[in-house]
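Tertiary structure, described
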Amino acid sequence: MFEHLREQPEDPILALMDRYRSDPRPGKIDLGVGVYRNSQGVTPVMLAVKSAERQLVEAQDSKSYTALTGDPDFVRQMALLVLSDSVEQERVAGAATVGGTGAVRQGLELIRLARPDAVVHIPDPTWPNHRAILGAMDMEVQTYRYFDAEANGVDMTGMLEDLGQVAEGDVVLLHGCCHNPTGADPSEAQWKDIVKVLKARGATVLVDLAYLGFGDGIEADAFATRLLAQQLPEVVIAVSCSKNFGLYRDRAGVVLVAGPASQARVVQGNLATLNRLAYSFPADHGAKVVEMILSNTALRAEWEEELSEMRSRINDLRESLAEALRVETGSDRYGFLAAHRGMFSRMGATPEQIASLREDHGIYMVGDGRMNLAGLSREDIPRLAKAIALVCG
Ligand code: LMR
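In what follows, the accompanying structure is described. (Residues numbered from 1 in each chain as written. Predicted model: local features only at pLDDT ≥ 70, side-chain atom pairs only at ≥ 80, totals over all residues. Heavy atoms only, no water.)

Bringing the nonpolar core into the picture now. Counting 82 residues, the largest nonpolar core has Leu198, Leu228, Leu256 and Trp303 as the members making the most contacts within it. Per-element accounting of this core gives the leading share, seven residues, to helix α3 (residues 72-83). Looking at this core, you find at least three residues from each of domain 1 (10-46 + 300-392) and domain 2 (65-295). What leucine 198 contacts, discounting residues up to four positions off in sequence, is Leu163, Val172, Leu174, Ala203, Val205, Leu228 and Leu232. One finds Leu31, Leu321, Leu325 and Cys392 within the second-largest nonpolar core, a separate group that totals 27 residues. (Core = buried A, V, L, I, M, F, W, Y, C linked by side-chain atoms within 4.5 Å. Buried < 20%, exposed > 50% of the residue type's maximum accessible area, 1.4 Å probe, protein only. Helix = DSSP H or I, 4+ residues; strand = E, 2+ residues; numbered from the N terminus. Domains from an automatic or database assignment. Contact = heavy atoms within 4.5 Å.)

Here you go:
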């Protein structure tokens, strides 16, 4: 049977990760996959995570199954972290998933189950796996304008125009904060305009929230998600704990659904069934660690402090690179790097320029010019700025 299989297209981010690993050049710079690195170039296990893990090893007396939707305390803590008091808890259903990707997938599975012919509107551009998952699920996809490449900011006019065409019952996928790949987010006032349009159109929203706390802080980064959940009758939220808890390989994530309270029980049951069909029980270790951190005052304070250090480091790196490029190019054309938020910004370079940066200078960024600034080391900034100025002008 396997002769019927076709080669699969490679994921542009993960393929780049492999190419980087197999490049023997010593001074290579990895700006590819979205992973945070500290000043030593290491993706550390957070101290709060280490403490929680130590306590867990001591205290855990069983590895028996949790529930199909995972540890209910984890789901509740995540709902509180993300939504705070923007919606009543009775309106919220939720399930632990296999990381943020699992949350996106299970959220879409739920939507497809409820409305098999739903059209899903995704931003142009978006994380490439959104389109790949939707393609694999055979769901109809449309794009809406999101990024103004000239201004290096959100194309609000285009976005509002396109969202204004969405049909009732369609799904609109939004990045809750730290847009991947552009780093450009709407302002709070612009989010209010977006919500107004979506409300008028009767769209269901799927929020991808993979970088909570990496932009301007937990509260600021949750603003859009909370506003959407408060203002719209139905919102699905896919949350990742990979970045903000540094739990990448432990695959901790949650899908939350804020809908009418009268439907929460049925939604919860459907999420349980979807987990059963995909993998039965979601992994618990990372989720338990997150739950312990969020529910313990000392651990939580330590985690928030570490998260804030990571955020400051990324924002400092943004400033420094923007400044180095200002000096190298004698212009402010890269000033947007300092204004963007989260791990990524998009450079506005041609595929040839991206290839030259990689081949001639050992600088790896995704083919669309996405750079992971959270992976950059301070010492590499002068060399990176010189290379960008040389290749891209
Ligand atoms: C990224 O966009 O680099 C991360 O979200 C990692 C991934 O799975 O693609």
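As a further point, take the pattern of salt bridges. As enumerated under the stated definition, the model contains 19 salt bridges in all. Residues arginine 112 and glutamate 109 are paired through a salt bridge, measuring 2.8 Å at the closest nitrogen-oxygen approach. Here glutamate 109 and arginine 112 lie together in helix α4 (residues 99-114), a separation of three residues that amounts to about one turn. Arginine 112 sits in the partly exposed class, given a relative accessible area of 27%. (Salt bridge = Lys/Arg side-chain N within 4 Å of Asp/Glu carboxyl O.)

Here we come to the site of the ligand. With respect to spatial proximity, the complete set of residues near the ligand consists of Ile13, Val33, Gly34, Trp127, Asn180, Tyr211, Lys243, Phe344 and Arg370. At 3.1 Å, a side-chain N or O of lysine 243 approaches an oxygen atom of the ligand. Contacts to the ligand include arginine 370, whose side-chain N or O atom sits 2.8 Å from an oxygen atom. Burial of the ligand by the protein amounts to 83% of the accessible area it has alone, namely 260 Å². Broken down by class, the residue content of the shell around the ligand amounts to five nonpolar, two polar and two charged. There are two domains that each give the shell around the ligand at least three residues, and those are domain 1 (10-46 + 300-392) and domain 2 (65-295). (Near = heavy atom within 4 Å. Polar contact = N/O pair within 3.5 Å; in protein donor to acceptor, adjacent residues only side chain to side chain. Areas by Shrake-Rupley, 256 points an atom, 1.4 Å probe, with all protein chains shown as cover. Nonpolar A, V, L, I, M, F, W, Y, C, P; charged D, E, K, R; others polar.)

Before going further, it helps to examine the packing of α4 against helix α9 (residues 264-278). Axis separation between α4 and α9 bottoms out at 10 Å; the angle between their running directions is 115°. Seen along the crossing, α4 lies across α9 with a hand that is right-handed. Residues Gln106, Glu109, Leu110 and Leu113 of α4 touch α9, and the partners they reach there are Val267, Asn270, Leu271, Leu274, Asn275 and Ala278. When grouped by side-chain class, the residues that make up the contact of α4 with α9 number six nonpolar, three polar and one charged. (Axes fitted to C-alpha atoms, helices over the stretch in contact; angles between N-to-C directions. Left-handed = near helix turned anticlockwise from the far one by under 90°.)

Looking at where leucine 357 falls in the secondary structure, it is placed in helix α13 (residues 351-361). Classification of leucine 357 as buried rests on a relative accessible area of 0%. Aside from chain neighbours lying at most four places away, what touches leucine 357 is Gly362, Ile363, Met365, Ala387, Ile388, Val391 and Cys392.

By the definition in use, this model includes five aromatic pairs. Arranged with centres 4.3 Å apart and planes meeting at 15°, the rings of tyrosine 65 and phenylalanine 281 form a pair that is stacked. Within this pair, whereas tyrosine 65 is found in the loop between α2 (47-59) and α3, its partner phenylalanine 281 is found in the loop between α9 and α10 (285-295), the two being separated by 216 residues in sequence. On the numbers, 6.2 Å between centres and 45° between planes, the contact of tyrosine 334 with phenylalanine 336 is tilted. With respect to burial, tyrosine 334 and phenylalanine 336 carry one shared label: buried. Over the ring of tyrosine 20 we find lysine 28, and its NZ or CZ is 4.4 Å from the ring centre. (Phe/Tyr/Trp six-rings, centres within 6.5 Å; stacked < 30°, edge-to-face > 60°. Lys NZ or Arg CZ within 6 Å of the ring centre and 35° of its normal.)

Note that every value here comes from positions in space, so none of it alone points to a role or purpose.
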